[in-house]
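Chain residues, written in single-letter form:
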Amino acid sequence: SSVQQVSVLGATGSIGLNTLDVVRRHPDKYQVFALSGHSQVEQLAQLSHEFQPKFVVISDEQHAARLKSLLSGQQTEVLSGASALELIASHDDVDIVMAAIVGAAGLLPNLAAAKAGKKVLLANKESLVMSGQLFMETVANSGATLLPIDSEHNAIYQCLPNGQMSPDLGVDKILLTASGGPFRMFSFDQLKTVTPAQAVAHPNWSMGHKISVDSASLMNKGLEFIEACWLFNCSAEQVDVVVHPESVIHSMVSYVDGSVLAQLGNPDMRTPIAYGMAWPDRLESGVKPLDLFEVAQLNFEKPDTERFPCLKLAKQSFMEGGCAPAVLNAANEVAVDAFLNDRISFLSIADVVEGTLNDIENQKAECLETILSADLRARAKASELLQSITGK
Ligand code: NDP
Ligand code: MG
C-alpha cells in the first residue's frame, strides 16, 4: 500500500519522540505530514529539519516567529494557535494522527481528528476522561479508527476479541495493571515529604513530568480506569486494578471459562506505538525482545487507596458521571502543576482534587461547551483551594 501520512501532535514530548523513532525506522511506510510542539522551539526546529513535514504548529505566536527564522529556506509551513492544531489533525491528506499532547489542551485537536474519520492513535487519556461519551460518539459517527496507545489499553485491546468488550464473546473482566509508581512502598508519613524530583523518577518508564506525577499518586491509574470504561464500553464493576511492580504484563482480560489473556513486553512505548501505526499488521519497533529469565519473577498486589486516594476519587467521579471526570481532571492538572512548582505537597494533590469535586455542582456532559465550562470552573476552584493551602 502507499505511504501513510502522519501528524504527530505533541511531537516534542516523550510519546512524540518515541513515535518519530518508529517512523524513522520505516521511511518506506510512513511520512511525517505535520508536527506540533508547545515550548521547545529548538527541538521542534530540529525535528522539522529531519522529517521535512508540510506543516509545523507551535502554540505561541512569538515562538512561531522564532521557529520561522530557524526554518528559513525550508518548505515547511509554520503555523500557530489552537485552530492550527485542529487543521493538522483533520487535514484531508492525513491518514494517521498521533494524539500525544498532554492534558486538556489535546481535547479539541483530538476531537477534530475523530470527526474527520482519521486513524487516531490515542495517547492523551485526559481528553477521553473529560469527554468520554462525546468522544466515543464522534468516533462512531465518523467511522474513525480509534487505537489506544496507553500501554495498558493497548494490551487490553490486543487481548480482547476484535478489541471489543463483548459479553457474547465470553469476556468477563478487564485486569488493569499498575506499577504502583515510585512510592509504592512509602508509608503515609514518608509520602508527606516526597519531592517533585522523586515523583518524576519512575522505576520502569521514562515519561513526561505530568504523567509521572500521576503515576506516583495513582491518579494515572484512576484516569486509565475511566479511559478503559469508555474505550471498551464497560461498567466500573468490570475493571479491576492489579498492582504489578515489574510492568512486564501490560494488562489482562479474563474470560468466563477461566482463561486469562495477557500482553507482555519490555516497558517501552514504542511497542504500543508500532502496534497502533501498523494495525492490523505488525511492525518492527526497535524494542528489545523480552527476556523472561532476566525478569524471573512477576508479582501482584492490591492497590492501597488509603495512601493513594486519587485512584478512589477517579473511580467515584466516573460512577457519578456527567462532568465529574472533567472536573477531576482539571483539578488534578492544576494541582500537579503546583506540586511540580514546589507550591504544594504531594499529599495536597488529592486534597485539591477532592475539594474541587465537592465544591462544583455536577452537570450532564451533553455537549462540548458544558464540558469546557466545567473544566474552567474546576480550574478556578482548584486555584482558590491552592491559595488557601499555600496562604498566597
Ligand atoms: P510530555 O510532557 O513529554 O509531552 C507533552 C507534549 O505536549 C509536548 O510535545 C509538549 O510540547 C506538548 N504540549 C504541552 N502543553 C501543551 C499545550 N498547552 N498545547 C499544545 N501542546 C502542548 O508528555 P508525554 O509524552 O509523557 O505524554 C503525552 C500524553 O500521552 C499524556 O496525555 C500522557 O498521559 C499520555 N501517555 C504518555 C505515556 C508515556 O510513556 N509518556 C504513556 C501513556 C500515556 P513542548 O514539549 O514543546 O512544550
Ligand atoms: Mg498507562
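Up top is the structure.
Residues numbered from 1 in each chain as written. Chains lettered and ligands numbered in written order. Predicted model: local features only at pLDDT ≥ 70, side-chain atom pairs only at ≥ 80, totals over all residues.

Participant: Could you give an account of the overall build of the protein chain, with specific residues and numbers?
Facilitator: Along its length, the protein chain carries 17 helices and eleven strands. In summary, the protein chain has a C-alpha radius of gyration of 20 Å against a globular reference of 21 Å for 392 residues, a match within 12%. With the principal axes as the frame, the protein chain shows a C-alpha extent of 55 × 55 × 40 Å. The buried share of the protein chain, reckoned over its 392 residues, is 48%. (Helix = DSSP H or I, 4+ residues; strand = E, 2+ residues; numbered from the N terminus. Rg over C-alpha atoms; globule rule 2.2 N^0.38 Å. Buried ≥ 20, exposed ≤ 12 C-beta atoms within 10 Å, placed from the backbone.)

Participant: So what's going on with the site of ligand 1? Residues and values would help.
Facilitator: Around ligand 1, the surrounding shell holds 27 residues, and the nearest of these are Gly10, Gly13, His38, Met207 and Gly208. Considering each element in turn, the shell around ligand 1 owes the most residues, three residues, to helix 1 (residues 14–25). In the shell around ligand 1, the residues fall into eleven nonpolar, twelve polar and four charged. (Near = placed C-beta within 6 Å. Nonpolar A, V, L, I, M, F, W, Y, C, P; charged D, E, K, R; others polar.)

Participant: How would you summarise the sheet that holds strand 10 (residues 249–255) if you had to cite specific residues and measurements?
Facilitator: The strand order across the open sheet formed by four strands is 9-8-10-11, and the pairing between neighbours is mixed. Each edge of the open sheet is held by one strand with a lone partner, namely strand 9 (239–243) and strand 11 (260–264). Neighbour to neighbour, the strand axes of the sheet diverge by 20 degrees on average, direction disregarded. Pairing analysis gives five bridges linking strand 8 (residues 171–178) to strand 9, with the strands arranged parallel. (Pairing = 2+ DSSP bridges. Axes fitted to C-alpha atoms, helices over the stretch in contact; angles between N-to-C directions.)

Participant: Quick one: what's the story with the pairing of strand 5 (residues 96–99), residue by residue and with numbers?
Facilitator: The side-chain alternation of strand 5 yields two buried faces, one formed by Ile96 and Met98 and the other by Val97 and Ala99. In terms of strand pairing, strand 1 (residues 4–9) meets strand 5 through four bridges, oriented parallel. Looking across to strand 5, one finds that Val6 is bridged to Ile96.

Participant: So what's going on with unusual backbone geometry? Residues and values would help.
Facilitator: Cis geometry is adopted by the peptide bond preceding Pro280, which originates at Trp279 and carries an omega value of 5 degrees. By the element assignment, Pro280 lies in the loop between helix 12 (270–278) and helix 13 (292–295). Positive phi, normally seen in glycine, also occurs at Ala296, with a value near 65 degrees. Among the structural elements, Ala296 can be located in the loop between helix 13 and helix 14 (309–320).

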